[in-house]
Amino acid sequence: MLSLRSLRILAAVTGAVFVAAVLAVLWRNDATVSVPDNVLAFPGLEQQIPDIARIEMSWNTDGAVEQASVIREDGIWRIAEQNGYPADTGKVRGFVLSLAELQLVEAKTADPARYDRLGVSDVADAGSKATRVRLLGRDGGALVDALIGSDRTSGTGGSMLYMRQSAEARSWLAQGQVDDVHRIASWTDEAVIDIGVDRLQEIHLTGPSGEVLEVRRTGDGKTPFELMNMPEDRQFATFYTLNEITDGLAKLKFEDVRSMDGMTFEPSLGNAIYQTRGGLTVIVDLAEVPNNAGIMETWTHFSINVAADASEDAKSFAAANTERLARWAYRLSDSRLQRLRHSMESATKPATEG
């Protein structure tokens, strides 16, 4: 018969074995396992780039799943949600290569209850911070279907992130970085037009009242432009106002872009006309359209005319930009829009006495 002391020892051993068994199970379910160097998250993806026909991204915003898609049509990448606006081929390729270069570092949790800590929860889950990325081939099959999670910095300062294959429970820590893809600017060149002040000859800004603000080049010195119809009792509102007007088309970028379908560009909203020294005329028309929240937004449309005796540079510029600008409407930042809508009231103030 076992003594009381022996029973206590046996109970202690049994308990230790039980705890060890539980820990072993937990370890198997949530192991942190290092993997050999240079193991790619998506082997062979770089070689599959020519076969990619569609890229889909989805994410959760305030409980709703949003999506952006880039599709290849006749060799041209286009943004589906923006009515087929051309995407930048270099940015699309760069995004795919950033996926192709991801290298697995450690296996992480396979417990769905812990996904949120790494940002790899399904995008349909409330509060998910993941971005689901799907690369589809020409036959519609998925070449990549993964959840890109939170960023992390390695001990040496390198970029890392958490990720999980959508169909797998195991998550991973990977070395590399994937660009933000939630904005249209991630996929296209935001440039609308770029005509610097050195190319301009005249500017006519017409307001809703029909009043015209006319700025004209009168020389080539430090102050080559003048406001032609400024009243004697007025002066520029600020030191920079004239520069704002003449820089209206310089390095102009959009915040959003859409098809012109359903838009009406009203003459009653005014317009802006820029004439260059080389015989190019750019006309900016305006439309007001409610957004999803019912708030009116101002959109712009750019058209280009070329004089018969225009310079070769002007003709080349028109050839490169006319067709694109004719098809699309652009929403600009408030500050850039204001440069196109200056009036005598906004551009000037009462002259200082004395």
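The coordinates are above.
A brief report on the enclosed structure follows.

Thresholds applied
Residues numbered from 1 in each chain as written. Predicted model: local features only at pLDDT ≥ 70, side-chain atom pairs only at ≥ 80, totals over all residues. Heavy atoms only, no water. Phe/Tyr/Trp six-rings, centres within 6.5 Å; stacked < 30°, edge-to-face > 60°. Helix = DSSP H or I, 4+ residues; strand = E, 2+ residues; numbered from the N terminus. Buried < 20%, exposed > 50% of the residue type's maximum accessible area, 1.4 Å probe, protein only. Expected span 1.5 Å × (residues − 1). Contact = heavy atoms within 4.5 Å. Polar contact = N/O pair within 3.5 Å; in protein donor to acceptor, adjacent residues only side chain to side chain. Salt bridge = Lys/Arg side-chain N within 4 Å of Asp/Glu carboxyl O. Bend = angle between axes of the 7 residues up to and from the residue. Core = buried A, V, L, I, M, F, W, Y, C linked by side-chain atoms within 4.5 Å. Pairing = 2+ DSSP bridges.

Topic: the packing of aromatic side chains
Stage number 1. On inspection of all chains with the given rule, the structure shows seven aromatic pairs.
Stage number 2. Where Phe95 meets Trp187, the ring centres are 4.9 Å apart and the plane angle is 75°; that geometry is what we call edge-to-face. With Phe95 in helix α2 (residues 89–100) and Trp187 in the loop between β10 (171–175) and β11 (191–193), this pair connects stretches of sequence that are 92 residues apart. The two residues Phe95 and Trp187 agree in class, both being buried.
Stage number 3. Centre to centre, the rings of Phe254 and Tyr330 are 5.6 Å apart; their planes meet at 40°, and the pair counts as tilted. Note that Phe254 is positioned in the loop between β16 (252–253) and β17 (256–259) and Tyr330 in strand β21 (residues 328–331), a separation of 76 residues in sequence.

Re α2
Stage number 1. The terminal C-alpha atoms of α2, which comprises 12 residues, lie 16 Å apart, in line with the 16 Å expected from a rise of 1.5 Å per residue.
Stage number 2. Listing the buried residues of α2 in full gives Val92, Phe95, Val96, Leu97, Ser98, Leu99 and Ala100.
Stage number 3. Packing partners of the buried residues in α2 comprise β2 (52–61), β3 (64–73), β4 (76–79), β7 (131–137) and β8 (142–153).
Stage number 4. Where α2 begins, the side chain of Asp88 points an oxygen toward the backbone nitrogen of Gly90, at a separation of 2.9 Å.

A word on unusual backbone geometry
Stage number 1. Positive phi, close to 50°, is recorded for Asp74, a residue that is not glycine.
Stage number 2. With respect to the element layout, Asp74 can be found in the loop between β3 and β4.
Stage number 3. Residues other than glycine seldom take positive phi values, yet Asn83 does so here, at roughly 60°.
Stage number 4. Here Asn83 lies in the loop between β4 and β5 (85–86).

Some words on the pattern of salt bridges
Stage number 1. Tallied over the entire structure, the rule returns 16 salt bridges.
Stage number 2. The residue Glu190 makes a salt bridge to Lys91 at a minimum N-O spacing of 3.8 Å. Of the two residues, Glu190 is situated in the loop between β10 and β11 and Lys91 in helix α2; the sequence distance between them amounts to 99 residues.
Stage number 3. Among the salt bridges present, the one from Lys129 reaches Asp116, with a minimum N-O distance of 3.7 Å. Pair noted here: Lys129 is in the loop between α3 (115–118) and β7 and Asp116 is in helix α3, with a separation of 13 residues, a long-range link.
Stage number 4. Accessibility expressed as a relative area gives 40% for Asp116, which makes it partly exposed.

Considering helix α5 (residues 312–327)
Stage number 1. With 16 residues, α5 extends 24 Å from end C-alpha to end C-alpha; this agrees with the ideal 22 Å at 1.5 Å per step.
Stage number 2. At Asn321, α5 is bent by approximately 45°, the largest bend along its length.
Stage number 3. For α5, the complete set of buried residues consists of Ala314, Phe317, Ala318, Asn321 and Leu325.
Stage number 4. Summarising the contacts, the buried residues of α5 are in contact with β11, β19 (280–290), β20 (296–306) and β21.

Remarks on the side chain of Thr109
Stage number 1. Following the sequence through the fold, Thr109 ends up in the loop between β6 (103–107) and α3.
Stage number 2. What makes Thr109 buried here is its relative accessible area of 6%.

A few points about the side chain of Arg164
Stage number 1. Looking at where Arg164 falls in the secondary structure, it is placed in strand β9 (residues 159–165).
Stage number 2. On the accessibility criterion, Arg164 (4% relative accessible area) is buried.
Stage number 3. At 2.8 Å, the side chain of Arg164 and the side chain of Asp122 are in polar contact.
Stage number 4. A distance of 2.9 Å separates a polar atom in the side chain of Arg164 from the backbone oxygen of Glu168.
Stage number 5. Not counting residues up to four positions away in its chain, the partners in contact with Arg164 are Tyr115, Val120, Ser121, Asp122, Ala146, Leu147, Ala169, Arg170 and Ser171.

Digging into the environment of Met260
Stage number 1. Within the secondary structure, Met260 sits in the loop between β17 and β18 (271–276).
Stage number 2. Residue Met260 is classed as partly exposed on the basis of its relative accessible area of 23%.
Stage number 3. With 39 residues separating them in the primary sequence, Met260 and Trp299 have C-alpha atoms 9.6 Å apart.
Stage number 4. With residues up to four places along the chain from it excluded, the contact list for Met260 reads Phe265, His301, Ala326, Arg327, Trp328 and Ala329.

A look at the nonpolar core
Stage number 1. Within the largest apolar cluster, 35 residues are counted, with the highest numbers of intra-cluster contacts made by Val192, Ile193, Leu249, Phe302 and Tyr330.
Stage number 2. Considering each element in turn, this core owes the most residues, four residues, to α5.
Stage number 3. Aside from chain neighbours lying at most four places away, what touches Ile193 is Leu249, Lys251, Leu252, Val282, Phe302, Phe317 and Leu325.
Stage number 4. With 33 residues, the next largest nonpolar core counts Val92, Leu135, Trp172 and Val178 among its residues.

As for the pairing of β8
Stage number 1. Pairing of β7 with β8, which is carried by six bridges, proceeds in the antiparallel orientation. When the sheet's bridge partners are listed, Leu136 is paired in β8 with Ala142.
Stage number 2. Hairpin connection between β7 and β8: a loop of four residues separates the two successive antiparallel strands, and Gly140 in this loop has a positive phi of roughly 90°.
Stage number 3. In this sheet, β9 lies alongside β8 in antiparallel orientation, the contact comprising six bridges.

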